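Architecture and fold: a report
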Amino acid sequence: MRSIRFPDGTEVPALGQGTWMMAEHPNRRVDEITALRAGIELGMTLVDTAEMYADGESERLVGEAVAGVRNRVFLVSKAYPHNASRDRLPRACEASLERLGTDRLDLYLLHWRGSVPLAETVDAMERLVDAGRIMRWGVSNLDVDDMAELVSAGGDACATDQILYNLTRRGPERDLLPWLAGRGTPAMAYSPVEQGRLVREPMLADVAADLGATPAQVALAWILARGDIIAIPKAGSVAHVRENRAAAELVLAPETMARLDAAFPAPPGSVPLEML
Ligand code: NAP
């Protein structure tokens, strides 16, 4: 598995696992836990969750999935913007740790920007680092202006920006991804298969068929080809996990990249960062 390096030197697999929409249906719980465990065994050891997902139940499910293998897993969770203050962030973090059944998060993200000043969130995050409750922190859904403001507000240590990025959401290529790359800060691509919609794109299916691969694999391999982005597909079955894992071994030739570029062009100008 290829790895991606955070600014502090820590390396994580380029392909991780998402968990939004997990723990929503009791009858899928066993399959979801089995899928996450299979992914961990296959090297997709970065697991992304959030206090928001299933109202905390996704974190509980992740806690169950990583029990016994916690030290091999890079755990990421996110705080609501309304919890990103000096007073509330420590409590939100403790609640996430309790649900996850762990004593620390490897990465804690501000889920999106709200009304709490960024400088206050930075301070609250740094205090959690000092207290050993989180190993590092980052943000999500921040566009380039917000990122610049974050750094001015003392947020130099921000480890990542988790953003919507896939073949049909290429807006970040113009400003945000070059800005992050210039600082040596990897991005995390969420919804890398566009919540399953990319799998049904006929042009992607054609490219995949010619390669003997699946559309999801080509969509993921296209993101990983950049070399500075972590992709976190969510898969609720072992079959999808295995299929996605194989994408990390799929190298797309220049002709294939050109076909994808023609079928899914980047927007011609700057567009605001989209979010789901
Ligand atoms: P996604 O990973 O692009 O797509 C998930 C969907 O694709 C599921 O319906 C899944 O079905 C299906 N899928 C996965 N692998 C497949 C395969 N090989 N073949 C066919 N279908 C496949 O979308 P996402 O869940 O929105 O994004 C991924 C993760 O990013 C989330 O789970 C969450 O952790 C994170 N996220 C963060 C934010 C943010 O604001 N920071 C926003 C959205 C998402 P099955 O479940 O049936 O396998």
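See the structure printed just above.
Remember, predicted model here, so these are calculated numbers, not experimental data.

1. Things to note about the overall build of the protein
- Within the protein one finds 10 helices and nine strands.
- If you line up the protein on its principal axes, its C-alpha atoms span 55 × 45 × 30 Å.
- Counting all 276 residues of the protein, 53% fall into the buried class.
- Taking as baseline every contact in the protein between residues at least 6 positions apart, the subset at least 24 positions apart corresponds to 77%.
- On the protein, roughly 11600 Å² of surface is accessible, and the fraction owed to carbon and sulfur atoms is 51%.
- Both charge centroids of the protein, one from 29 positive and one from 39 negative side chains, sit 3 Å from each other.

2. Comments concerning the nonpolar core
- Counting residues in each nonpolar core, the largest one holds 88 residues, and the members touching the most others are Tyr108, Val218 and Leu260.
- Per-element accounting of this core gives the leading share, eight residues, to helix H8 (residues 215-224).
- With near-sequence residues (within four places) excluded, Val218 lies in contact with Leu204, Val207, Ala208, Leu211, Ala213, Leu250, Leu252 and Leu260.

3. A look at the environment of Glu173
- Among the structural elements, Glu173 can be located in the loop between strand S7 (161-164) and helix H6 (176-183).
- For the pair Glu173 and Val241, spaced 68 residues apart in sequence, the C-alpha separation works out to 27 Å.
- For Glu173, the residues in contact, after removing those within four places along its chain, are Tyr165, Pro178, Trp222, Arg226 and Ala266.
- At a separation of 2.8 Å, a polar atom in the side chain of Glu173 contacts the side chain of Arg170.

4. A closer look at the pattern of salt bridges
- On inspection of all chains with the given rule, the structure shows 24 salt bridges.
- Arg133 is the partner of Glu94 in a salt bridge, and the nearest nitrogen-oxygen pair spans 2.7 Å. In this pair, Glu94 is assigned in helix H3 (residues 88-100) and Arg133 in the loop between helix H4 (118-130) and strand S6 (137-140), connecting sequence segments 39 residues apart.
- Of the residues examined, Glu94 reaches a relative accessible area of 35% and is grouped as partly exposed.
- A single network of salt bridges, built from pairs that share partners, joins Arg169, Glu194, Arg197 and Glu274.

5. Focus on the layout of surface pockets
- Counted as a void, the largest pocket has a volume near 680 Å³.
- If you trace the largest pocket, you find 34 residues lining it, with Trp20, Gln195, Gly196, Pro233 and Lys234 closest to the centre.
- Mapped onto the lining of the largest pocket, the elements with two or more residues apiece are H8 and helix H9 (238-247).
- For the lining of the largest pocket, the leading source of residues is H9, giving three residues.
- In terms of residue class, the lining of the largest pocket is made up of 16 nonpolar, 13 polar and five charged.

6. Focus on the side chain of Glu120
- Looking at the element boundaries, Glu120 is found in helix H4.
- It turns out Glu120 is buried and unbridged, and the closest side chain with the opposite charge, Arg86, is 4.4 Å from it.
- With residues up to four places along the chain from it excluded, the contact list for Glu120 reads Ala84, Ser85 and Arg86.

7. Some points on the pairing of strand S8 (residues 187-190)
- Here S8 shows two buried faces, one formed by Ala187 and Ala189 and the other by Met188 and Tyr190.
- Where S7 meets S8, four bridges bridge the pair, whose relative direction is parallel. Looking at S8, one finds that Leu164 is bridged to Tyr190.
- At this point the chain moves from S7, through H6, to the parallel S8, and the crossover so formed is right-handed.
- Bridging between S8 and strand S9 (residues 229-231) involves three bridges; their strand directions are parallel. In the sheet register, Ala189 faces S9, and the bridge partner there is Ala231.

The rules behind these values
Here the residue numbers are simple positions, counted from 1 along each chain's written sequence. A pLDDT threshold of at least 70 governs which residues receive local features in this predicted model, and a stricter bar of 80 or more applies before side-chain atom pairs are shown or counted, although totals over entire chains, interfaces and linings include all residues. With hydrogens and water stripped out, all remaining heavy atoms of the structure feed into the side-chain values. Strands are runs of DSSP state E lasting at least two residues, helices are runs of H or I lasting at least four, and both sets are numbered from the N terminus onward. We call a residue buried when its accessible area falls under 20% of the maximum for its residue type, exposed when it is over 50%, and partly exposed in between, using a 1.4 Å probe and counting protein chains only. Residue contacts follow a heavy-atom distance rule, with two residues in contact if any of their heavy atoms lie within 4.5 Å. Throughout, the Shrake-Rupley method with a 1.4 Å probe supplies accessible areas, and for residues the shown protein chains are the sole cover considered. Just so you know, the count uses Lys and Arg for positive and Asp and Glu for negative, and it drops His and the chain ends. Positions of charges follow a simple convention, taking NZ of Lys, CZ of Arg, CG of Asp or CD of Glu. As used in this record, nonpolar core signifies buried Ala, Val, Leu, Ile, Met, Phe, Trp, Tyr and Cys residues forming a set joined through side-chain atoms within 4.5 Å. A 3.5 Å cut-off defines polar contacts: any pair of N or O atoms within that distance qualifies, except that in protein one atom must be a possible hydrogen donor and the other a possible acceptor, and neighbouring residues in sequence count only when both atoms are side-chain atoms. One side-chain nitrogen of Lys or Arg within 4 Å of one carboxyl oxygen of Asp or Glu is enough to make a salt bridge. We place a 1 Å grid over just the protein atoms. Points where a 1.4 Å probe fits but has no way out form a cavity, open points with protein on both sides within 12 Å along at least 5 of 7 lines form a pocket, and any residue with an atom within 4 Å of a point lines it. Grid points are joined across faces, edges and corners, and a volume is the space filled by probe spheres set on the points. Three classes are used: nonpolar for Ala, Val, Leu, Ile, Met, Phe, Trp, Tyr, Cys and Pro, charged for Asp, Glu, Lys and Arg, and polar for all others, with Gly counted as polar. Strands qualify as paired when DSSP identifies two bridges or more between them. Look down the strands so they point away from you; if the path from the first strand over the helix to the second goes clockwise, the crossover is right-handed.

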